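Below are the chains, spelled out letter by letter.
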Amino acid sequence: MNIITSRDARNRDARNRDTWSRDARHRMSGNRMSGNSADGYRSARYRTLVGAAVIAIAAMTLSACAAETAPAPASSESASGLTGELTIFAAASLTASFTELAENFGIDNPGVTVNPTSFDGSSSLATQIKEGAPVDVFASADEANMAKVAEAVNGEATVFVSNVLQIAVQPGNPLRIATLSDLAKSNTRTVLCAPEVPCGTASHKLLDLDGVTVTAASEEQNVKAVLTKVQLGEADAGLVYKTDVTAAAGEVDGVDIAGADRAVNFYPIAALKDSKNPEVAKAFVDYVLSPAGQKILTKYGFGAP
């Protein structure tokens, strides 16, 4: 028989407590390790989800910006809905200004095909219109030539600018030309517009009022031809519009004429009855008469109507 003494019992209880303590510590340590692993897993998953959300939001933002900034598809029609072709006849003195006006009109109305403008003497253009030339708009350098085609005008012609004459001379004015009487000197080669052309009518009116007789080296059918001869040195002087000297940009000098306002030319514009695109023709006339059109004409030296 084994006899267990009190001391043995105490020793046994101590050993049992040590064993329990060690097991408990192991369990607690295991639990902490398991808890740390779970927390780490949850943290990593959270970061993954947040990152994915950020990427998705960024993608949607970029897509929205791209949609906002993407250019609208090109259209063959203008915002005004105007389509078709536009043919313009205009006095030669309107070359620079109407080239810009026609170009701007085409930009503002991309559905309209603006044909190259025909520039010539107003009398020549009026003759072509009377003979049936296909024209939508006519801009004359005087009212007399517009009157010649009155039956072809749709509605009424409207005066849109005025102009006066200047003496065009070689740069630096080597002959010191100062008045109309200087054009009559034997050593001065003077070129004029033909009498039937608006600039010729105005030129002869001023010369007659001043009692000056000029034997012209040549008489041209439009004012640009007069200006060109002075530019090329084929003439010493020529009577042209003030706007032509401005457009020449230093290739000639201009001499003001005392009393030039005695022969002011008023320029009318009109849409024509036989226009194939009356709405387009009217829109161009309206543009010329508008503040934007008048600003361009003023820039080229034209006066108020």
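Report follows, based on the coordinates. Since the model is a prediction, treat every value here as computed from it, not as a measurement.

### Brief notes about the pattern of salt bridges
Taken as a whole, this structure holds seven salt bridges when the rule is applied. Among the salt bridges present, the one from Lys 299 reaches Glu 100, with a minimum N-O distance of 2.9 Å. Taken as a pair, Lys 299 in helix 9 (residues 291-299) and Glu 100 in helix 2 (residues 95-108) lie far apart in primary sequence, 199 residues in all. Notably, a salt bridge pairs Lys 229 with Glu 220, separated by 3.3 Å at the nearest N-O pair.

### Remarks on the environment of Lys 299
In this structure, the C-alpha to C-alpha distance between Lys 299 and Ala 247, residues 52 residues apart in sequence, is 10.0 Å. Within the structure, Lys 299 has its side chain in polar contact with the side chain of Glu 100 (distance 2.9 Å).

### Focus: the layout of surface pockets
Estimates place the volume of the largest pocket at around 170 Å³. Taken together, Glu 85, Thr 87, Asn 115, Gly 132, Ala 133, Pro 134, Val 135, Asp 136, Asp 274, Ser 275, Lys 276 and Asn 277 form the lining of the largest pocket. The class makeup of the residues in the lining of the largest pocket is three nonpolar, five polar and four charged.

### Considerations on the side chain of Asn 265
Within the element layout of this structure, Asn 265 appears in strand 12 (residues 265-271). Judged by its relative accessible area of 8%, Asn 265 is buried. Polar contacts involving the side chain of Asn 265 include one to the main-chain carbonyl oxygen of Ala 141, which spans 3.2 Å. Discounting chain neighbours no more than four positions away, the residues touching Asn 265 are Ala 141, Asp 142, Val 161, Ser 162, Asn 163, Pro 198, Cys 199, Ala 202 and Tyr 241.

### Points about the nonpolar core
Ranked by size, the top nonpolar core spans 64 residues in total, and within it Leu 94, Phe 98, Phe 160, Ile 167, Leu 180, Ile 269 and Phe 284 carry the most contacts. By residue number, the principal contributor to this core is helix 8 (residues 278-289), which donates six residues. Listed in part, the eleven residues of the second largest apolar core include Ala 126, Val 135, Met 146 and Val 153.

### Details of the packing of helix 8 against helix 9
Interaxial distance between helix 8 and helix 9 falls to 4 Å at its minimum, and their mutual angle equals 60°. Classified by the interaxial angle, the pair formed by helix 8 and helix 9 is oblique. Where helix 8 approaches helix 9, its residues Tyr 287, Val 288 and Leu 289 are matched on the opposing element by Pro 291, Ala 292, Gly 293, Gln 294, Ile 296 and Leu 297. Among the residues making up the contact of helix 8 with helix 9, the classes are represented as seven nonpolar, two polar and no charged.

The rules behind each value
Residues numbered from 1 in each chain as written. Predicted model: local features only at pLDDT ≥ 70, side-chain atom pairs only at ≥ 80, totals over all residues. Heavy atoms only, no water. Salt bridge = Lys/Arg side-chain N within 4 Å of Asp/Glu carboxyl O. Helix = DSSP H or I, 4+ residues; strand = E, 2+ residues; numbered from the N terminus. Polar contact = N/O pair within 3.5 Å; in protein donor to acceptor, adjacent residues only side chain to side chain. 1 Å grid on protein atoms, 1.4 Å probe; cavity = no way out; pocket = protein on both sides within 12 Å on 5 of 7 lines; lining within 4 Å. Points joined across faces, edges and corners; volume = space filled by probe spheres on them. Nonpolar A, V, L, I, M, F, W, Y, C, P; charged D, E, K, R; others polar. Buried < 20%, exposed > 50% of the residue type's maximum accessible area, 1.4 Å probe, protein only. Contact = heavy atoms within 4.5 Å. Core = buried A, V, L, I, M, F, W, Y, C linked by side-chain atoms within 4.5 Å. Axes fitted to C-alpha atoms, helices over the stretch in contact; angles between N-to-C directions. Parallel < 35°, antiparallel > 145°, perpendicular 65-115°, else oblique.

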